[in-house]
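Architecture at a glance
The chain contents come next:
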Amino acid sequence: MKVLLLGDASNYHSCLASALRRQGCTVVVASHGSGWMDTRRDIDLSRGSSRLSGAWLFARLMAMTHTSLRGFDVVQLVAPVFATLRPERLRPLFDRIRRANGRVYTVSLEADPYYVEACTSSRPPLPFSEWHIGTRPSPMALANPGLRQSWLDLRPYYDYVFDRVDGVVTALYEYHKVCSAHIAPGRLAYGGIPVDLHSIPAPGPRPQGPVRIMAAYHATRMAEKGADILLDMARRIVARHPGRAILDIVTNLPYGQFIRRLAGADIVLDQLYALSPATTALLAMANGAVPVTGGADDYYRFIGDDGLRPIVTADPFSLDRTERALEHLVTNPDALAAMRAAARPFVARHNDADVVARRFIDFWNK
């Protein structure tokens, strides 16, 4: 099977490509390298900073549909916005890609107009998200009053793409929950987030010394992820237990450097408003660290696993409970060791890149 993975975010397609190749597929990744993460790609689609860079990228991509972006059995978009172009340019490019190739799919791995509209409705389908906590707007939503409408303005373009792709693959439980309300079951599948355990060594014994708490976040997305609140929790815990824990703050590192920093962490602060673990949390677990992130009961039921629970479940309804759970690991080495021991097996079972790639291939073959 010849596969084109078009666009990337948080190393998603680059990681998936490695596993697809191991399973016999010929794969080309064309992307901008997840921006500052600078992830691997075969064709670089980075956009320059000049005033005409958008026009140049659009012309280049349109020309490439006659050469290196044609003749694939499967094309998978990382999202309907698969390149750093406006919708009015992406739409004719999408049409050209459809005509030049076989089946076309898209991944649902980030917020989109459907997700934002659902999460900001009077009856949101999720108990909380970066947009709401219960029926109340989240701090991020309150701080960015125009952001909701800017997402909803993209609805016509997203409708156009979603109506014409052969299927949609979801990366997270949250997105699958929302997508299932507007996409027919036969056109929807859960893929998950791939983690390439082949490239991440198994963690060794934990060295003696204080518990290392790593705070990993995007500098411009702290309120969106609730990282500011988790970071304040960690600072209070470190102050209450001098010598027992240290805090390592990491932001906006290239992917390779980020992976190296993860290797020494015991606990990784990720997201407060998530229901399931995303990329940073899964990479942390692959390295034998315990993430503080989404681990809702509904998520465990969705993946069919109630045995391994290596996540400190962040709960925006009870910040005190979340802080106590984090502090318990700092002050109880045996509890920390037990959760660390379950972390990598959890990823191997549910998110190893080969497992995720098999889900994609099975769906494409339908």
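Our subject is the structure listed above.
From a predicted model like this one, the values you see are computed outputs, not experimental measurements.

This brings us to the overall build of the protein. Along the backbone of the protein there are 16 helices and 14 strands. The C-alpha atoms of the protein give a radius of gyration of 21 Å, which matches the 21 Å a tight globule of 366 residues would have. Residues counted as buried form 55% of the 366 residues belonging to the protein. The long-range fraction of contacts in the protein, counting pairs at least 24 apart against all pairs at least 6 apart in sequence, stands at 67%.

Okay, the packing of helix α2 (residues 53–64) against helix α3 (residues 87–100) next. Taken N-terminus to C-terminus, the directions of α2 and α3 make an angle of 10 degrees; their axes are 10 Å apart at the nearest point. As far as their axial angle goes, α3 and α2 are roughly parallel. Judged by residue contacts, Gly54, Ala55, Phe58, Leu61 and Met62 of α2 engage Arg89, Pro92, Leu93 and Arg96 from α3. Counted by class, the contact of α2 with α3 contains 6 nonpolar, 1 polar and 2 charged residues.

Each regular strand shows side chains that alternate between the opposite faces of the sheet. Residues of strand β4 (residues 74–77) alternate between two faces, with Val74 and Gln76 on one and Val75 and Leu77 on the opposite face, all of them buried. Direction of pairing for strand β1 (residues 2–6) relative to β4: parallel, over a ladder of 4 bridges. By the bridge assignment for β4, Leu4 is matched with Val75. Of the pairings in the sheet, the one linking β4 to strand β5 (residues 103–108) comprises 4 bridges and is parallel in character. Paired with Gln76 across the two strands is Tyr105, which belongs to β5.

Moving on: the sheet that holds strand β8 (residues 167–170). The strands making up a sheet associate through hydrogen bonds between their backbones, and the pairing can be parallel or antiparallel. The strand order β3-β2-β1-β4-β5-β8-β9 describes an open sheet built from 7 strands, whose pairing is parallel. At either end of the open sheet lies a strand with only one pairing partner, and these are β3 (43–44) and β9 (188–190). For β5 and β8, the ladder comprises 4 bridges, and the chain directions are parallel. Each residue of the ladder has a partner; that of Ser108, found in β8, is Thr170.

This next bit is on helix α14 (residues 319–331). Between its terminal C-alpha atoms α14 stretches 18 Å, which fits the 18 Å expected from 13 residues at 1.5 Å a residue. Along α14, the residues that are buried comprise Thr322, Glu323, Leu326, Glu327, Leu329 and Val330. Take α14 and look down its axis: the buried residues cluster within an arc of 155 degrees, on one side only. Across from the buried face of α14, at angles greater than 90 degrees, the exposed residues are Asp320 and Arg324.

What counts and what doesn't
Sequence order sets the numbering: in each chain, residues are counted from 1 along the sequence as written. Only residues with pLDDT of at least 70 get local features here, since the model is predicted, and only at 80 or more are side-chain atom pairs given and counted; chain-wide, interface and lining totals rely on the full set of residues. Excluding hydrogens and water, the side-chain figures rest on all heavy atoms present in the structure. Helix numbers and strand numbers start at the N terminus; a helix is a DSSP run of H or I with at least 4 residues, a strand a run of E with at least 2. Between the two quantities, the radius of gyration covers C-alpha atoms and the globule rule is 2.2 Å times the number of residues to the power 0.38. Each residue gets one of three labels from its accessible area relative to the maximum for its type: buried under 20%, exposed over 50%, partly exposed in between, using a 1.4 Å probe on protein chains only. The contact criterion used throughout is that any non-hydrogen atoms of two residues lie within 4.5 Å. For helices, the fitted line uses only the C-alpha atoms of the stretch in contact; every axis is such a line through C-alpha atoms, and the angle between N-to-C directions lies from 0 to 180 degrees. Any angle that is under 35 degrees is reported as roughly parallel, and any over 145 degrees as roughly antiparallel; angles of 65 to 115 degrees are reported as roughly perpendicular and all others as oblique. Gly is put with the polar residues, along with every residue not named as nonpolar or charged; the nonpolar set is Ala, Val, Leu, Ile, Met, Phe, Trp, Tyr, Cys and Pro, and the charged set is Asp, Glu, Lys and Arg. Only strands joined by at least two bridges in the DSSP assignment are considered to pair. Given the number of residues in a helix, its expected span is that number minus one, multiplied by 1.5 Å. Working note: the arc is built from the helix axis to C-beta atom directions.

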